[in-house]
Amino acid sequence: MSHALLALQRVSAAYANQPVFTDLDLCLTPGQFAALVGPTGGGKSTLLKLILGLLPCTQGSVQRLPQVTMGYVPQREMIDWRFPVTAEQVVLMGRYRHTSYWPWATRADRREVAALLDRLGLTPYARRHIRQLSGGQQQRVFLARALVARPQLLLLDEPTTGVDLKSQHDILHLLHELNREGMTILLATHDLNTIASHVPWVICFQHGLIVEGPPETVLTPDILRQTYNADMVVLRQDDLTFIANRSLAHPHVAQQGTLAHRPRRVSDGILR
Amino acid sequence: MAFFVEPLQYQFFVHGLVAALLVGCLCGLLGVYIVLRQMSYIGHGLSHAVFGGAVVSHLLGVNIYVGAGLWGFGAAVLIQRLTTRRELHADAVIGIVTTASFAVGVALMSRVHRFTQDFEAVLFGNVLGVSEHDLLLIAVVTGLTGLVVTALYKQLLFSAFDEAVAQVAGVPTRLVYLLFACILALAILASMQVLGVTLIAATIVIPAATARLLTHSFSTMLVLSTALGGVTALGGMYLSYYVDIASGASIVLCAALLFVAVLSIRR
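Residues numbered from 1 in each chain as written. Chains lettered and ligands numbered in written order. Predicted model: local features only at pLDDT ≥ 70, side-chain atom pairs only at ≥ 80, totals over all residues.

1. Some words on the overall build of chain A
Next, step 1: Summing up its helical and strand segments, chain A has eight helices and eleven strands in all.
Next, step 2: Classification of the 272 residues of chain A by burial places 38% in the buried group.
Next, step 3: For chain A, contacts bridging at least 24 residues in sequence account for 63% of all contacts bridging at least 6. (Helix = DSSP H or I, 4+ residues; strand = E, 2+ residues; numbered from the N terminus. Buried ≥ 20, exposed ≤ 12 C-beta atoms within 10 Å, placed from the backbone. Contact = placed C-beta atoms within 7 Å.)

2. Things to note about helix α5 (residues 90-111) of chain B
Residue and element names in this part refer to chain B.
Next, step 1: Over its 22 residues, α5 extends 31 Å from the first C-alpha to the last, a length consistent with the 32 Å expected when each residue adds 1.5 Å.
Next, step 2: Here α5 has its buried residues at Val 93, Ile 94, Val 97, Thr 98, Ser 101, Phe 102 and Gly 105. Angular distribution of buried residues about the axis of α5 spans 140°; they occupy a single face of the element. Residues of α5 that are exposed and point over 90 degrees away from its buried face: Ala 92, Ala 107, Ser 110 and Arg 111.
Next, step 3: In this fold, the buried residues of α5 make contact with α3 (40-60) and α4 (64-83). (Expected span 1.5 Å × (residues − 1). Arc of directions from axis to C-beta.)

3. Describing unusual backbone geometry
Residue and element names in this part refer to chain A.
Next, step 1: Phi at Gln 67 takes a positive value of approximately 65°, unusual for a residue other than glycine.
Next, step 2: With respect to the helices and strands, the residue Gln 67 is situated in the loop between β4 (59-64) and β5 (70-73).
Next, step 3: The phi angle at Arg 150 is positive, at roughly 50°, despite the residue not being glycine.
Next, step 4: Here Arg 150 shows up in the loop between α4 (135-147) and β6 (153-157).
Next, step 5: Classification of Arg 150 as partly exposed rests on a count of 15 C-beta atoms within 10 Å.

4. Digging into the pairing of β6 of chain A
Residues and elements named next belong to chain A.
Next, step 1: Within β6, five of the five residues are buried, leaving the element largely enclosed by the surrounding structure.
Next, step 2: Side chains Leu 153, Leu 155 and Asp 157 project from β6 onto one buried face, and the interleaved Leu 154 and Leu 156 project onto a second face that is buried too.
Next, step 3: Bridge analysis of β5 against β6 gives four bridges, and the strand direction is parallel. Residue Gly 71 lies in a different strand from β6, and its bridge partner there is Leu 154.
Next, step 4: Judged from the five bridges that link them, β6 and strand β7 (residues 184-189) form a sheet pairing that is parallel. Across the sheet, the residue bridging to Leu 156 is Leu 187, located in β7.
Next, step 5: Traced from β6 through helix α5 (residues 165-180) to β7, the parallel crossover comes out right-handed. (Pairing = 2+ DSSP bridges. Right-handed = clockwise from strand over helix to strand, strands pointing away.)

5. Details of helix α2 (residues 11-36) of chain B
All names here are of chain B.
Next, step 1: In a regular helix each residue adds 1.5 Å, so 26 residues correspond to 38 Å; α2 covers 38 Å between its end C-alpha atoms and thus fits that length.
Next, step 2: For α2, the principal kink sits at Leu 30 and spans about 30°.
Next, step 3: Taking burial as the measure, the 26 residues of α2 include 19 buried ones, the bulk of the element.
Next, step 4: Positive phi appears at Gln 38, one or two residues downstream of α2, with a value of about 55°. (Bend = angle between axes of the 7 residues up to and from the residue.)

6. Topic: the environment of Ile 34 of chain B
Residue and element names in this part refer to chain B.
Next, step 1: Mapped onto the elements, Ile 34 comes out in helix α2.
Next, step 2: Spatially, the C-alpha atom of Ile 34 lies 8.5 Å from that of Ala 208, the residues being 174 residues apart in sequence.
Next, step 3: Apart from residues lying up to four places away in sequence, Ile 34 is in contact with Met 39, Ser 40, Ile 42, Gly 43, Ile 204, Val 205 and Ala 208.

7. Notes on the confidence of the model for chain A
Residues and elements named next belong to chain A.
Next, step 1: On average, chain A scores 86 in pLDDT, and the residues at 70 or more come to 89%.
Next, step 2: Element-level mean pLDDT values for chain A span from 78 in strand β11 (residues 240-245) up to 96 in β6.
Next, step 3: In the model, residues 256-261 has pLDDT below 50 throughout and makes twelve contacts with residues more than four positions away in sequence or in other chains. (pLDDT = per-residue confidence, 0-100.)

In structure tokens form, the structure reads like this:
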């Protein structure tokens, strides 16, 4: 644990004396890119809040490397979209630690924000009210607000929920880039198909740690059943993984992880 | 022109006009944060809570402004502490703390029959009775509020927009809330003489809500809401003089009319 960026030891969390999880041991090393997966209400957001220091642990300890800086992208539903701020003003908020005592933004603040908006393809939307942006653009604005503080550890809560497929791809591509640059990333999601082929480490979580490891060893029907209390089908084809709830799966899916007929890739790229 | 000048020959009107202008700007400025944090009910509640504090301080022989100010601040802190509990929503907590506080004032008033018209002024305002001492108090509170809001512009904006992320970014959100509660309690105290506790909430909420209809920019909203608060206070004072109605009510009616006009235009 000595080289860990973040180490949780026998940590318990509760809301109003109702335990959310108990005796959790978890460790993140510098440069790690991990996805926290589990059902809604399973304690993922609580764990993120505990790591961020927004929620006290009822037991155990959360140790972070000294001076570690953290960035946080909350769930989109937590945002008041009627609040009168533009995309640029939202990102400027993230400069809080770096900025001067004056109430206005300095030239350096504006330069940093402009560079980041440019990197995320948001320059044309900088002066728009946040409600006038698409879901993907809104998510990138909040990602930019977290990034402008140059965090070493980035925590994201459901960053791909409610955004289109192209935006999901763009966000994950950007997270990969940031990870390659050395940023440690922990991403909470219930979108298994997105993380199966994009994230190198998966933490299955439901009121406690079920198991963690690379997706190819963790994303199995048995582990997913323990995590989601539901029968899941896992299909692997070429380097791609597809996961579906059995009750919603195609009738041709007969066995766990197998198909009654071998799937073939048709011209539109969809396996049938 | 004579319409505007004629009332100015009376010293009480000039005092009232200046007091109303300052209180209108003060409430308009603070109203932005209250409306955006969806805490409109707290303005209403705290103004009532302050009434309980005023009665208790009067009975204890403590300066009514000091006592009521401390009482209002205490109520705001209590509300903040209780709303961190997950079982209770903020509106329920505000309702309980502030109406209980108001009830303390009413109960004591009905039990001890030695209250004078002072408390009618606290309830419904008496702008014509504004003294130079009151004017000074209102001016100091308005200046202090302007300073605090300017100095804490970034912290207040970030906390109002996204409190959790502001905390992660290093904003001392609890301290910011306490400071805000403190200046809100002071502002309510300063406004009591002009508007009365029953009408303060409206002058906090209406200019900010009107300004929100006119702009998508936070900084513009601050300026607009402050200006609208001041303008409607002036309009209300003249309306009160010429139509001979209570000044607090006429200020609120002017603000409400402006809101309806802007709403109709912006539809």
